[in-house]
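Fold and geometry: a report
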Amino acid sequence: MLPPGMMTMTPGMPLGPRLAAIAELVLPWRPLADIGTDHGRLPTALVLAGRVPWAVACDRSPAPLARARVTVQRAGAADRVQLRLGEGLAPLMPGEVATAVIAGMGAPTMLAILAADRERTRSLARLILQPNFGHEQLRRGLSDVGLGLVEECLVVERGRFHVILVAEPGGAGVQLDDLQCLVGPHLLRRGGATLQQQLEQELRRCEREAAGLARAIGAVDPLRRAGQERRRGLLLRALEKLRRQGHPGPT
């Protein structure tokens, strides 16, 4: 189970629950790339902790790399964290790193990055993906880029749920069903109180949207209404499965 609250991998480099959960999933003692690094805290914390020998912090814009440079230099890690400007996986050589982290983007952007350079995508031993939205779409699209979903975790930070997916090469042609895409096969298998809370929140949101459609003046797109009913039905199925599992396990 991942520790709640803040996790300090080394003195002076604290990580909140979201980044701490990602750090726990990184392949140890092998190089890492952080795509869309922004502040550069994750790769810096990992090299300082000795979790990885060196890391590459990539971003498409100079401004985030400037922030990352400040983080790296203040931590005295400039010799172990390389800063590279570029789009998606393009700054990496195929096979150069074992793990790539892509966090804090929408699912469509993530899938576009993975599809843009399949050679680099397939050269990675592991991808850790934390979408801001669209985790259902992301799960559904992994097999299209030759990846399989091997692990998931769910954490709460500042009252917001964050889904983290771990994908590895070799999942081409493996299709998840609708319930697995929505909830996550690994999350659903383990259950737990955090997942139940997330699903209950999603169900309330779904029912509010359905009520809004019912009050709408004029014609409502039948496909939209059907989609709402489908989503509500899947959420109810998942919650019933969790209740049948009995005592919640760790998330």
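Residues numbered from 1 in each chain as written. Predicted model: local features only at pLDDT ≥ 70, side-chain atom pairs only at ≥ 80, totals over all residues. Heavy atoms only, no water.

So, about the packing of helix α9 (residues 193-215) against helix α10 (residues 222-245). Close contact between α9 and α10 brings their axes to 10 Å; oriented N to C, the two are set at 155°. One way to sum up the angle between α9 and α10 is to call them roughly antiparallel. Remark: the crossing between α9 and α10 carries left-handed chirality. Across the interface between the two elements, Leu195, Gln196, Leu199, Glu200, Glu202, Leu203, Cys206, Glu207, Glu209, Ala210 and Leu213 from α9 touch Arg224, Arg225, Gln228, Arg231, Arg232, Leu235, Leu236, Ala238, Leu239 and Leu242 from α10. Grouping the constituent residues of the contact of α9 with α10 by class yields 11 nonpolar, 2 polar and 8 charged. (Axes fitted to C-alpha atoms, helices over the stretch in contact; angles between N-to-C directions. Helix = DSSP H or I, 4+ residues; strand = E, 2+ residues; numbered from the N terminus. Parallel < 35°, antiparallel > 145°, perpendicular 65-115°, else oblique. Left-handed = near helix turned anticlockwise from the far one by under 90°. Contact = heavy atoms within 4.5 Å. Nonpolar A, V, L, I, M, F, W, Y, C, P; charged D, E, K, R; others polar.)

Another aspect to go through is the confidence of the model for the chain. Taken as a whole, the chain shows an average pLDDT of 89; of its residues, 90% reach a score of 70 or greater. The least confident element of the chain, judged by mean pLDDT, is strand β1 (residues 7-10) at 48; the most confident is strand β3 (residues 32-35) at 98. Note on residues 1-8: pLDDT under 50 across the span, and 17 contacts to partners over four residues away in sequence or across chains. (pLDDT = per-residue confidence, 0-100.)

A few words on α10. Along its 24 residues, α10 runs 35 Å from first to last C-alpha, staying within 8% of the 34 Å computed at 1.5 Å per residue. Residues of α10 that are buried: Gln228, Leu234, Leu235, Ala238, Leu239 and Leu242. Glycine 246 sits one or two positions beyond α10 and adopts a positive phi of about 85°. (Expected span 1.5 Å × (residues − 1). Buried < 20%, exposed > 50% of the residue type's maximum accessible area, 1.4 Å probe, protein only.)

For the rest of this paragraph, the subject is the sheet that holds strand β4 (residues 55-59). The sheet built from 7 strands is open, its strands ordered β5-β4-β3-β6-β7-β9-β8 with mixed pairing. Sheet topology places β5 (81-85) and β8 (147-157) at the edges, where each strand pairs with a single neighbour. Here the average twist between neighbouring strands, direction ignored, is 20°. Direction of pairing for β3 relative to strand β6 (residues 99-106): parallel, over a ladder of 4 bridges. Along β6, the bridge assignment pairs aspartate 34 with valine 101. Most of the contacts of helix α2 (residues 41-48) go to β3, to which it runs at about 160°, and overall it touches β3, β4, β5 and β6. Sheet strands in contact with helix α4 (residues 107-116) are β6, β7 (126-133) and β8, and its direction is about 145° off that of β6. (Pairing = 2+ DSSP bridges.)

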